[in-house]
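Spelled out from the first residue to the last, the chains are:
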Amino acid sequence: MADIDTEKLEELLAQKKGKEAAELLKNFFDNISEEQKGAAYAEYALIHMKVMNAIDDEYKEYLKDVLAKLQMLKSAESKTTDMIKLKQARVSLS
């Protein structure tokens, strides 16, 4: 199977030349057999799945961090509320 010119593809994408990049991909897929297309799509699916899993893992870690910070905020709010109630009780007893 012929290799795609990844350097040219990356260069076109960096230059925001999406139409030219799409044409490069189209030309590549037009010139390979159905079996090679199947293999390329299977490889793409595998890479896509790995990328999505990595993104999901990163997102989960971010959410864990946010939840921990929210828990700290909730604790601080609870302590502040308790202090306000105590101060109000002292004032009402004075």
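As the structure is a computational prediction, the values presented were derived from the model and not from experiment.

Asker: How should I be thinking about helix α2 (residues 18–30) in this particular structure?
Answerer: In an α-helix, one turn spans 3.6 residues, which is why side chains three or four residues apart end up on the same side. A rise of 1.5 Å per residue sets the reference length of α2, with its 13 residues, at 18 Å; its end C-alpha atoms lie 18 Å apart and thus fit the reference within 8%. Within α2, burial applies to A21, F28 and F29. When α2 is viewed along its axis, its buried side chains cluster within an angular range of 95° and face the same direction. In this structure, the buried side of α2 is in contact with α1 (6–14) and α3 (34–93).

Asker: I keep staring at the packing of aromatic side chains and nothing clicks. Help me out?
Answerer: Here the distance between the centres and the angle between the planes together describe a pair of aromatic rings. Using the criterion set out here, one finds two aromatic pairs in the structure. Plain terms: the ring middles of F28 and F29 are 5.1 Å apart, the flat faces sit at 85° to each other, and that makes the pair edge-to-face. Considered together, F28 and F29 belong to a single accessibility category, that of buried residues. The interplanar angle of 5° and the centroid separation of 5.2 Å between the aromatic rings of F29 and Y41 together place this pair among those described as stacked. On the criterion of sequence distance, the pair formed by F29 in helix α2 and Y41 in helix α3 is long-range, its members being twelve residues apart. Put simply, the rings of F28, F29 and Y41 pair up and form one aromatic cluster.

The rules behind the values
- For every chain, the first residue of its written sequence is number 1, and the numbers climb from 1 along that sequence.
- Under the rules for a predicted model, residues below a pLDDT of 70 receive no local features and side-chain atom pairs below 80 are neither given nor counted, while totals for whole chains, interfaces and linings still include all residues.
- In computing side-chain properties, one takes all heavy atoms of the structure into account and sets aside hydrogens as well as water.
- Only DSSP runs of H or I covering at least 4 residues are called helices, and only runs of E covering at least 2 are called strands; the numbering of each starts at the N terminus.
- Working rule for helices: expected span equals 1.5 Å times residues minus one.
- To sort residues, take the accessible area from a 1.4 Å probe on protein chains only and compare it with the maximum for the residue type: under 20% means buried, over 50% means exposed, and anything in between is partly exposed.
- Directions pointing from the helix axis toward each C-beta atom define the arc.
- Note on contacts: a residue pair is in contact if any heavy atoms of the two residues lie within 4.5 Å.
- Between 30 and 60 degrees the pair is tilted, below 30 it is stacked and above 60 it is edge-to-face, where a pair is any two Phe, Tyr or Trp rings, Trp via its six-membered ring, whose centres lie within 6.5 Å.

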